[in-house]
Structure formats: structure tokens, C-alpha cells
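Below, each chain spelled out in residue letters.
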Amino acid sequence: EVDALKTSHAKHCDEAAVAHARLGAQVEQTDAKLASMQDRLMDLEKQLDDRVEKHAVQLSSAVDKLEDTHARLEVCEAHGAAIDRLQEAHASLSGEQTTRSAQ
């Protein structure tokens, strides 16, 4: 009976050693995959940060250009009223000159 227990114990120890080695190999594979995924995720995060910075610069530039255009438009609109008055004055003077020439 003791021999049977020793044999059974040895058999279970061998099975446990095999299972332990198999699990150790699986852990190594999983760790390698995890490291690879972490590297890829870090690369993606870096690329995303680079794109965010690039787009922030482009957006800032676009906003500056829009503000410049708006300022120029305001100047043109301010001159628009003056141009209208000049056109009216020119038409009036032209009409007066035509009237004088006819007399």
C-alpha cells in the first residue's frame, strides 16, 4: 500500500511538473504578446499625439487667417459707405456739369 501511494505520488508529481512547464511556456507567450501590444499601443499614442499637435498648429493658422480676412472685410465695409457717397457726389456733379454744358 505504501508503494502504491509512492507510485501514485510520483505520477502526480510528474503530471504537475509537465503541467507547470506547459503553463510556464504559455505565460512566456502571453507576456511576449502583451509586450508587443504595449509597444504598438505606445506607437499609436505617439502618432495620435503628433497628429493632434499638427492639427492644432493648422487650426491656429486657419483662425489667424480668418481673423485677418475679417479685419480686411471690416475695412472694406467701412470704405463702402464712403465709396457710395463719392459715387452719389460724382453723379450729382456730373449732372450739374451736363446741365451747365446744355445752357
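The rules behind the values
- Residues numbered from 1 in each chain as written.
- Predicted model: local features only at pLDDT ≥ 70, side-chain atom pairs only at ≥ 80, totals over all residues.
- Heavy atoms only, no water.
- Helix = DSSP H or I, 4+ residues; strand = E, 2+ residues; numbered from the N terminus.
- Rg over C-alpha atoms; globule rule 2.2 N^0.38 Å.
- Buried < 20%, exposed > 50% of the residue type's maximum accessible area, 1.4 Å probe, protein only.
- Areas by Shrake-Rupley, 256 points an atom, 1.4 Å probe, with all protein chains shown as cover.
- Lys, Arg positive; Asp, Glu negative; His and termini not counted.
- Charge placed at Lys NZ, Arg CZ, Asp CG, Glu CD.
- Salt bridge = Lys/Arg side-chain N within 4 Å of Asp/Glu carboxyl O.
- Expected span 1.5 Å × (residues − 1).
- Bend = angle between axes of the 7 residues up to and from the residue.

Brief notes about the overall build of the chain
Then comes step 1: What the chain contains, in helices and strands, is one helix and zero strands.
Then comes step 2: In terms of overall dimensions, the chain is more spread out than a globule: its C-alpha atoms have a radius of gyration of 44 Å, far above the 13 Å expected for 103 residues.
Then comes step 3: Viewed in the frame of its principal axes, the chain has a C-alpha envelope of about 145 × 15 × 15 Å.
Then comes step 4: Counting all 103 residues of the chain, 0% fall into the buried class.
Then comes step 5: Surface exposure of the chain reaches about 9600 Å², of which carbon and sulfur atoms provide 59%.
Then comes step 6: Across the chain, the 12 positively charged side chains and the 20 negatively charged ones have centroids separated by 5 Å.

Notes on the pattern of salt bridges
Then comes step 1: For the structure on display, the rule yields one salt bridge.
Then comes step 2: Asp 50 serves as the salt-bridge partner of Lys 46, at 3.2 Å between the closest nitrogen and oxygen. Taken together, the positions of Lys 46 and Asp 50, both in helix α1 (residues 2-102) and four residues apart, correspond to about one turn of that helix.

Quick word on α1
Note that an α-helix has 3.6 residues per turn; residues three or four places apart therefore point the same way.
Then comes step 1: Given a rise of 1.5 Å per residue, 101 residues ought to cover 150 Å, and the 143 Å separating the end C-alpha atoms of α1 matches this to within 8%.
Then comes step 2: Of all the bends found along α1, the most pronounced is centred on Gly 80 and spans about 25°.

Digging into the environment of Lys 54
Then comes step 1: Within the fold, Lys 54 resides in helix α1.
Then comes step 2: Lys 54 sits 22 residues away from Cys 76 along the chain, and the two C-alpha atoms are 33 Å apart.

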